[in-house]
Amino acid sequence: VGSRRERFGANTLPAVAGPSAWSVAWRQIINPMTLMLIGVVVVSALADQRSTTVMVGLLVTLNVVRGTSQEIKAQESVDALAHLQVRAARVRRNGSIVEIDAAELVPGDIVSLEAGESAPADGRIITAATLEMQESALTGESAPVPKDADRCADPETALGDRTDMVFQNTLATRGTATVVVTATGSSTEMGRIAGMVTDVERRRSRLQVELDQLSKYLGLLAGVAVIIIVGVGLARGLDADSVLVLGISTASASIPTGLP
């Protein structure tokens, strides 16, 4: 057991630490559209335009909180894979059945499985009595799949048709079985899925990239409009505060606050 644990590692699913809430919120704040709205808030505050300051400030806060919440929920969906791990397993060691931490399983262990229990690792069935496994989490098949000890001759058999195998985190809905562990941890079918999810490179979608470009264009347009309005107003001798308020209103109207 010790040598195999050193060779194959612990029977745990791969997981990576997700970004903190603060880092997610910071990415929302440095969004070009959000930065423009923050600029409107600052200028409105300097011009003592309280209603505009409060309104745009609330919109900025709402956008940041909403975006942060959505990204954190998406990360929690990925992290949920790591919490599917079975906590304990009944295994034959030294001629007797003992309950051990499922993380201590190694390939070659003989595991006992009964109805209501989840498979702690991938394994091949040695003996089975009316065994049925619920594999919807792995294959999407909603109905329980009958299992037995008859070997599948074709090595290319689809995952859902491997009736001589049980897979980690799938539930026994009926019967009993004795299983020899064939794969643990990241080598299991569930571990491969978790590995693919955690290895995905984070990148902005095409829509997000295009929205960022649109934000920059709108920001440039709003800035040019404000400069022209303020310049023309001051040249005509209008009150500076009135001109500044008009510029703020123009900038606020030029920014579609729902985009972030």
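Think of each chain on its own: its residues are numbered from 1, step by step along the sequence as written. Thresholds applied to this predicted model are a pLDDT of at least 70 for local features of residues and 80 or more for the giving and counting of side-chain atom pairs; totals over whole chains, interfaces and linings are not thresholded and use all residues. Each side-chain value is derived from all of the structure's non-hydrogen atoms; neither hydrogens nor water enter the calculation.

S.K.: Can you help me understand the pattern of salt bridges in this one?
M.R.: In what follows, salt bridge is the name for a side-chain nitrogen of Lys or Arg lying within 4 Å of a carboxyl oxygen of Asp or Glu. Counting across every chain of the model gives 11 salt bridges. The shortest N-O distance in the salt bridge between Arg151 and Asp164 comes to 4.0 Å. Here the residue Arg151 occupies a position in the loop between strand 5 (145–147) and strand 6 (165–166), and Asp164 occupies one in the loop between strand 5 and strand 6, the gap between them amounting to 13 residues. Note on Arg151: relative accessible area 61%, which makes it exposed. Residues joined by salt bridges that share partners form a network here, namely Arg90, Glu114 and Glu117. Helical segments are the DSSP runs of H or I of at least four residues, strand segments are the runs of E of at least two, and each set is numbered from the N terminus. Summary of the burial criterion: residues with accessible area below 20% of their type's maximum are buried, those above 50% are exposed, and those between are partly exposed, where the area comes from a 1.4 Å probe applied to protein chains only.

S.K.: Hey, could you run me through the side chain of Thr68 in this one?
M.R.: Mapped onto the elements of the fold, Thr68 is located in helix 4 (residues 50–79). The buried category is assigned to Thr68, whose relative accessible area is 10%. Polar contacts involving the side chain of Thr68 include one to the main-chain carbonyl oxygen of Val64, which spans 2.7 Å. We call two residues in contact when some of their heavy atoms are within 4.5 Å. In this structure, Thr68 is in contact with Ala21, Val24, Ala25 and Gln28, ignoring residues within four places of it in sequence. Within 3.5 Å is the distance limit for a polar contact, defined as a pair of N or O atoms, with the added protein rule that one can donate a hydrogen and the other accept it, and that residues adjacent in sequence qualify only through two side-chain atoms.

S.K.: Please clarify how the nonpolar core should be interpreted in this entry.
M.R.: As a rule of thumb, soluble globular proteins bury nonpolar side chains together. Throughout this description, the term nonpolar core refers to a set of buried Ala, Val, Leu, Ile, Met, Phe, Trp, Tyr and Cys residues connected via side-chain atoms within 4.5 Å. Formed by Leu113, Ala119, Ile125, Leu131, Met133, Val166, Ala172, Ala177 and Val179, the largest nonpolar core amounts to nine residues. Looking at this core, the elements that each hand over two or more residues are strand 4 (122–134) and strand 7 (171–183). Each residue touching Val166, except ones within four places of it in the same chain, is listed here: Leu113, Ala119, Ala121, Asp122, Gly123, Ile125, Leu131, Met133 and Val179. Residues Ala89, Ile100, Val111 and Ala121 belong to the second largest nonpolar core, which totals eight residues.

S.K.: Is there a simple way to think about unusual backbone geometry in this case?
M.R.: The bulk of non-glycine residues show a negative phi, and the bulk of peptide bonds are trans. A positive phi angle is found at Asn94, which is not glycine, with a value near 55°. Among the secondary structure elements, Asn94 is positioned in the loop between strand 1 (88–93) and strand 2 (96–101). Positive phi, normally seen in glycine, also occurs at Asn169, with a value near 70°. By the element assignment, Asn169 lies in the loop between strand 6 and strand 7.

S.K.: Quick question: what am I supposed to make of the packing of helix 3 (residues 32–46) against helix 7 (residues 206–235) here?
M.R.: For any two helices packed against each other, the geometry is given by the interaxial angle and the distance between the axes. Taken N-terminus to C-terminus, the directions of helix 3 and helix 7 make an angle of 30°; their axes are 8 Å apart at the nearest point. One finds that helix 3 runs roughly parallel with respect to helix 7. Note on element contacts: helix 7 touches helix 3 through Asp212, Ser215, Leu218 and Gly219, opposite Pro32, Met33 and Met36. Here the residues of the contact of helix 3 with helix 7 are counted per class, giving four nonpolar, two polar and one charged. Here the axes come from fitting lines to C-alpha atoms, over the contacting stretch only for helices, and the angles between their N-to-C directions go from 0 to 180 degrees. An angle below 35 degrees is read as roughly parallel, one above 145 as roughly antiparallel, one from 65 to 115 as roughly perpendicular, and any other as oblique. When residues are sorted by character, Ala, Val, Leu, Ile, Met, Phe, Trp, Tyr, Cys and Pro go into the nonpolar class, Asp, Glu, Lys and Arg into the charged class, and all the rest, Gly among them, into the polar class.

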